[in-house]
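Examining the three-dimensional arrangement
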Amino acid sequence: MFANKRLGKELAKIQQSLPPGIDFVSAPDFKQWEMDIRVLDANPLYADQTYRLRFRFSPNYPIEAPEVTFIHLSQPLRTIPIHPHIYSNGIICLDLLGTQGWSPVQNVESVCMSLQSMLTGNTKNERPPGDEEFVRRNTQRPRDIRFVYEDSSV
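All of the points below concern the structure found in this document.

Reading guide: rules and limits
Residues numbered from 1 in each chain as written. Predicted model: local features only at pLDDT ≥ 70, side-chain atom pairs only at ≥ 80, totals over all residues. Heavy atoms only, no water. 1 Å grid on protein atoms, 1.4 Å probe; cavity = no way out; pocket = protein on both sides within 12 Å on 5 of 7 lines; lining within 4 Å. Points joined across faces, edges and corners; volume = space filled by probe spheres on them. Helix = DSSP H or I, 4+ residues; strand = E, 2+ residues; numbered from the N terminus. Nonpolar A, V, L, I, M, F, W, Y, C, P; charged D, E, K, R; others polar. Buried < 20%, exposed > 50% of the residue type's maximum accessible area, 1.4 Å probe, protein only. Contact = heavy atoms within 4.5 Å. Core = buried A, V, L, I, M, F, W, Y, C linked by side-chain atoms within 4.5 Å.

**Structural notes on empty space enclosed by the protein**
One water molecule sets the probe size; rolling that probe over the atoms shows where empty space is left. Scanning the entire structure with this criterion turns up one cavity of 30 Å³ or more. Glu-10, Lys-13, Ile-14, Asn-107, Val-108 and Glu-109 together form the lining of the largest cavity. For the lining of the largest cavity, the elements supplying multiple residues, two or more each, are helix H1 (2-16) and helix H2 (108-120). With three residues, the single largest contributor to the lining of the largest cavity is H1. For the lining of the largest cavity, a count of residues per class yields two nonpolar, one polar and three charged.

Have a look at this one:
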């Protein structure tokens, strides 16, 4: 119930205005939303690209972080960005999305801005180490994965 109230307020704000490079796509209910993000600087890795994010909310939101993944679409074309903290299946290794880094003061907009910033600062055109093995073997939902956050350089 609290999640629905909070998400209703966030949705109303998002539909009024968003920072540059972030676009609202859909929110058919208070369980799943989609947003598009773009990198606005001159980073050649992400030039002219738009990426789709899927947010999944538990009834415990905002106490519990949303599950956020990049998704691939063919129409409109949306790929999964290549980044050392983004697996090829769209799962994102970011402390903000884990139990240690999440705070209820965060919201959909701030998560989008953090991901924009993460992409903006990246200079490595590579996937995380072990990407293929992780994608092949992982059966857990993103929120159940216990990442070890060691690399703060990207």
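**A look at the side chain of Thr-50**
Its place among the elements puts Thr-50 in strand E3 (residues 50-56). Judged by relative accessible area, which is 17%, Thr-50 ranks as buried. Beyond its immediate stretch of four places on either side in the chain, Thr-50 contacts Asp-36, Ile-37, Arg-38, Leu-77 and Arg-78.

**What to know about the nonpolar core**
Counting 31 residues, the largest nonpolar core has Ile-37, Leu-53, Phe-55, Phe-70, Ile-92, Val-108 and Leu-115 as its most contacted members. Taken together, the elements giving at least two residues each to this core come down to H1, strand E2 (32-38), E3, strand E4 (67-71) and H2. With six residues, the single largest contributor to this core is H2.

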